[in-house]
Amino acid sequence: MFNESRETRTVKDGVYHLSLQIPEKEYFLVYDNVSENIASEILNHYLKIHQDDGEPQNININHNRNAHIINIEADLKYIGNAKRQ
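I will try to describe carefully the structure that is included in this document.

Rules and cut-offs
- Residues numbered from 1 in each chain as written.
- Predicted model: local features only at pLDDT ≥ 70, side-chain atom pairs only at ≥ 80, totals over all residues.
- Heavy atoms only, no water.
- Phe/Tyr/Trp six-rings, centres within 6.5 Å; stacked < 30°, edge-to-face > 60°.
- Helix = DSSP H or I, 4+ residues; strand = E, 2+ residues; numbered from the N terminus.
- Buried < 20%, exposed > 50% of the residue type's maximum accessible area, 1.4 Å probe, protein only.
- Expected span 1.5 Å × (residues − 1).
- Arc of directions from axis to C-beta.
- Contact = heavy atoms within 4.5 Å.

## What to know about the packing of aromatic side chains
Counted under the stated rule, the structure contains three aromatic pairs. On the basis of an interplanar angle of 75° and a centroid distance of 5.2 Å, the ring pair of Y16 and Y78 is categorised as edge-to-face. Of this pair, Y16 sits in strand β2 (residues 15–23) while Y78 is found in the segment after β4 (69–77), placing the two residues 62 residues apart along the sequence. Overall, Y16 belongs to the partly exposed group, its relative accessible area being 22%.

In structure tokens form, the structure reads like this:
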């Protein structure tokens, strides 16, 4: 996984939101393009290794060339998770 990634989580009106920022130099060592399929793959792997049972939805990926960052954002849906309800 990416060593220099930064995660931010927020909750608004009961909707959990995850923002993952990855330096472009790390991202492009593994992937050769920016796509929502890759973003979905990254998020699912990221959540699995962090033992997070959230299901990513509304996934967006953006390459900020000025900041040299890949931004991946998604809403997380928690089904049947008593700790989250």
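So, next bit.
## A few points about helix α2 (residues 36–49)
Across its 14 residues, α2 extends 20 Å between first and last C-alpha, which sits within 8% of the 20 Å expected from 1.5 Å per residue. Here α2 has its buried residues at I38, A39, I42, L43, Y46 and L47. Buried residues of α2, seen end-on, are gathered within an arc of 160° and therefore sit on one face of the element. Among the exposed residues of α2, those pointing more than 90 degrees away from its buried face are N37 and K48. Against β1 (6–12), β2, α1 (24–30), β3 (55–64) and β4 lie the buried residues of α2. One or two steps after α2, the chain reaches Q51, where phi turns positive at roughly 50°.

Note that every value here comes from positions in space, so none of it alone points to a role or purpose.
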